[in-house]
Amino acid sequence: MSIMLLILLQLLVLVSCAPRCDPGFRGQCKPTVEEKPKCTDVMLSYCDDMPYTQNMFPNILNHKTREDAEGSAEYLLLSVVEALLGGECNPDVRMLGCSVMAPRCETEKVLKPCRTTCEAVRKRCSHVFDGIEMAWPYFLDCDRFFVSDEEGCYDPLEGLRAEQNEEEVDGMETPPEYRDDMIKFNHHTNAQMISILKKTEEKCEDIARTYSIGSSTEGTELLVIEFSRNPGEHELLEPEMKYVGNMHGNEVLGRELLILLAQHMCSEYLLGNERIQTIINTTRIHILPCMNPDGHDLAVSGLQDNNYSEDDEEGPRYDFSNVGRNNAQNIDLNRNFPDLTSIAYSRRRQRRYRTDHIPIPDSYWFGKVAPETYAVMKWIRSIPFVLSANFHGGDLVVSYPYDLSKHPLQRNMLSPTPDAKVFKLLARTYANAHESMSTSSARCGSSHGVSEKGTVNGAQWSSIAGSMQDFNYLHTNCFEVTVELGCEKFPAEDELFNGWHENFEALLTFMEAAHRGIKGIVKDEDGNAVKGAQISVRGIRHDVTTAENGDYWRLLTPGVHIVTASAPGYAKAIKKVHLPGHMHTAGRVDFLLKKAELEPDNQKEEDSIPPMGSYDRFDPYNQYERYTLMADVTQNRPESAKKPWWWSYFILPEGPEPTWLLKHH
């Protein structure tokens, strides 16, 4: 035992006397050196087609090893992104992600991808992520993980571009072919609708443009797609027309038809369809597929609840037919516009009463004005629209103004406008081009007893105040009709093709109707355009006014018309116009106005007419600021507990939830 203790003591002495590793004394020890990362072969299977063969770990996202990267939610997204996005933006998004997850390595250094490439892909593909309600991936942040050309970057899509260039060279002798194979006859969510419109804009960027006119109560964008030879510009003498759908959220066929129409016009224009090309090259067309996105969401939820209650034989039955009709504030948008019709009726006994450009009374702004109504009113006032149709459901008929009965005690009285002949012509134009609307056997709903060959006066059918079509006519130059597309407000998906087939010709024919009547330019003796000049037609107490560049459009029926152009400080100019019945393009009628002093007698007559200066008095109490604040509050609401359909796929057993995938987290 004593021998063993002696041996242990000797060992302790030896250890204590051994030289220690002290960095202060050179040569006593060698410090531990961490091995530097080296270039290794690319082993991530979804990144094996990158234009380089070596990468480095830890990568830019700080995944220490290839195994760490393969087990991450980021790599999982890259592996399914093609299927998730329906084949769109593939392989661009995947290769962009690989440039971050498997960074290019040369001579033991990491090369970063170019920011310009990232920005181009994001501009082209962000709407696809919006379509599935997914945020743009954080690791594709162009400012954070990508660098400028001056910093020595590389293009991660260079191999892809080389393949595309080869395909272009091989196919130079044959013209490009475009098809409608991406058009699908199904219902679309608001996000999907916006995605399709933006994709259509991208496909037809020379003739199409999307723009927002505002937001709904819940903050959803009211997106318009425009078709024109020069998108974004008003061209001299080119008429502007608009289509508005889904004003009532539960009436969805119009919404889907307008989404289909936008895609079809883009594809057919590229294919060389002469009729579509003529329409777009001579007309500026604005399409708002959905005016009430919040109501649409409620309608979809109500439909699902209704289907559930029908499956449950013992469960309660509810009437969901009107769920989603109103907006999120429970406002019926087609009763929310200023009631200018009552003002027009009150002026009828005046000697020179007018039914055009009636100012919005200040009292209107003390009521509850929906943000959707506000946005559309500003839109209508900002563009010189000539023609319009808004689409509803629940009947099969075209309704024309007035919507409000001229007698307060008789709610179903024929109440025509001064332009009754023009409105009847416009209504018949759509009804006759529709596959069955003008036939008596096709009519349905409450209009059946009063309609005539698929057309009806709105007040005679069902008197309402504050409608959009009355506002268009009485406040602007625009003539609008209301198209009821069928008795089924929310048709099944398998009925959408039939709805498209029945309305397709009518949609195009009505666009062409914007070229009926006359058009021209009003100038003074010096050749300057006269803005705001009044164009009057004898026998019709409704004038139109010239636009910014002095041009005007006046829808008229065939026949002989006496037309007058006038403006303050100028003498009137009068012309006699003959429009043949077979004429389907607007006749050119220009006016030259000469300077003249305003006669005292005329001044007295004009005193009974409200000054046009009051017409510019829009939103005097700054409601817009209130709506902007409302939208900000809406966007800052707590995240809903309901997650997108794809969310559970990205929840990994070990690791944090990938909340960076959520748009509103």
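Residue indices begin from 1 for each chain and proceed along its sequence in written order. Totals for whole chains, interfaces and linings use every residue, but because this is a predicted model, local features are given only for residues with pLDDT of at least 70 and side-chain atom pairs only at 80 or more, for both listing and counting. No hydrogens and no water enter the side-chain calculation; it runs on all heavy atoms of the structure.

Where an unreviewed UniProt entry is consulted, the protein appears under the name Carboxypeptidase Z-like isoform X1, with the organism given as Gymnodraco acuticeps. UniProt positions are given in the numbering used here, feature names are shortened, and annotations may be inferred rather than shown by experiment. Under the UniProt heading Cofactor (unreviewed entry), the note attached to the protein is "Zn(2+)".

Asks: Give me the packing of aromatic side chains: which residues, what numbers.
Replies: Pairs were defined over the aromatic rings of Phe, Tyr and Trp, the Trp ring being its six-membered one, requiring ring centres within 6.5 Å. Orientation was assigned from the angle between planes: stacked under 30 degrees, edge-to-face over 60, tilted for the rest. Under the counting rule described, the total for this entry stands at 25 aromatic pairs. With a centroid separation of 5.8 Å and an interplanar angle of 70°, the aromatic rings of tyrosine 46 and tyrosine 75 are classed as edge-to-face. Remark: tyrosine 75 occurs in helix H3 (residues 73-84) and tyrosine 46 occurs in the loop between strand S1 (40-41) and strand S2 (54-55); sequence separation between them is 29 residues. Taking the relative accessible area as the measure of exposure, tyrosine 75 reaches 6% and is therefore buried. With a centroid separation of 6.4 Å and 70° between ring planes, the pair formed by tyrosine 138 and phenylalanine 145 is classed as edge-to-face. Judged by relative accessible area, which is 24%, tyrosine 138 ranks as partly exposed. Through pairs of rings, three or more aromatic residues link up here, namely Tyr345, Tyr402, Phe423, Tyr473 and Phe479. Working definition: helices are DSSP H or I runs of at least four residues, strands are E runs of at least two. Numbering for both runs from the N terminus. Accessibility here uses a 1.4 Å probe with only protein chains present; expressed as a share of the type maximum, an area under 20% marks a residue as buried, one over 50% as exposed, and anything in between as partly exposed.

Asks: With reference to specific residues and values, describe helix H17 (residues 496-512).
Replies: Every helix has an expected span of 1.5 Å times one less than the residues it contains. Here H17 spans 24 Å end to end across 17 residues, near enough to the 24 Å set by a 1.5 Å rise per residue. The term bend refers to the angle at a residue between two fitted axes, each drawn through seven residues, those ending there and those starting there. Approximately 40° is the largest bend angle found in H17, and it occurs at asparagine 503. Those residues of H17 that fall on the buried side of the exposure criterion are Leu496, Gly499, Trp500, Asn503, Ala506, Leu507, Leu508, Thr509, Phe510 and Met511.

Asks: Explain the UniProt feature "active site" (unreviewed entry) in the protein to me, and be specific about the residues and the numbers.
Replies: UniProt's feature table lists "active site" (unreviewed entry) at Glu484, given in the numbering used throughout. Here glutamate 484 shows up in strand S12 (residues 479-486). Whether two residues touch is decided by their heavy atoms; if any such pair falls within 4.5 Å, the residues are in contact. Excluding residues that lie within four positions of it along the chain, glutamate 484 makes contacts with His392, Gly393, Gly394, Asp395, Leu396, Val397, Met437 and Trp461. Of note is the side chain of glutamate 484, whose polar atom sits 3.4 Å from the backbone nitrogen of glycine 393. Polar contacts, as used here, are pairs of N or O atoms within 3.5 Å; protein pairs need one atom able to donate a hydrogen and one able to accept it. Residues neighboring in sequence count only if both atoms are side-chain atoms.

Asks: Run through the pattern of salt bridges, naming residues and quoting values.
Replies: Just to be clear on terms, a salt bridge is a Lys or Arg side-chain nitrogen sitting within 4 Å of an Asp or Glu carboxyl oxygen. Scanning the entire structure with this criterion turns up 24 salt bridges. Salt-bridge contacts for glutamate 251 lead to arginine 325; the nearest nitrogen and oxygen are separated by 3.5 Å. Taken together, the residues glutamate 251 in the loop between strand S7 (240-244) and helix H9 (253-271) and arginine 325 in the loop between helix H11 (293-311) and helix H12 (340-346) connect sequence positions 74 residues apart. A relative accessible area of 4% places glutamate 251 in the buried class. By relative accessible area, arginine 325 is classed as buried at 19%. The partner of glutamate 548 in a salt bridge is lysine 531, and the shortest N-O contact between them spans 3.2 Å. A residue pair is termed long-range when its members are at least 10 positions apart, and glutamate 548 in the loop between strand S15 (540-545) and strand S16 (551-554) and lysine 531 in the loop between strand S13 (518-524) and strand S14 (534-537) qualify at 17 residues.

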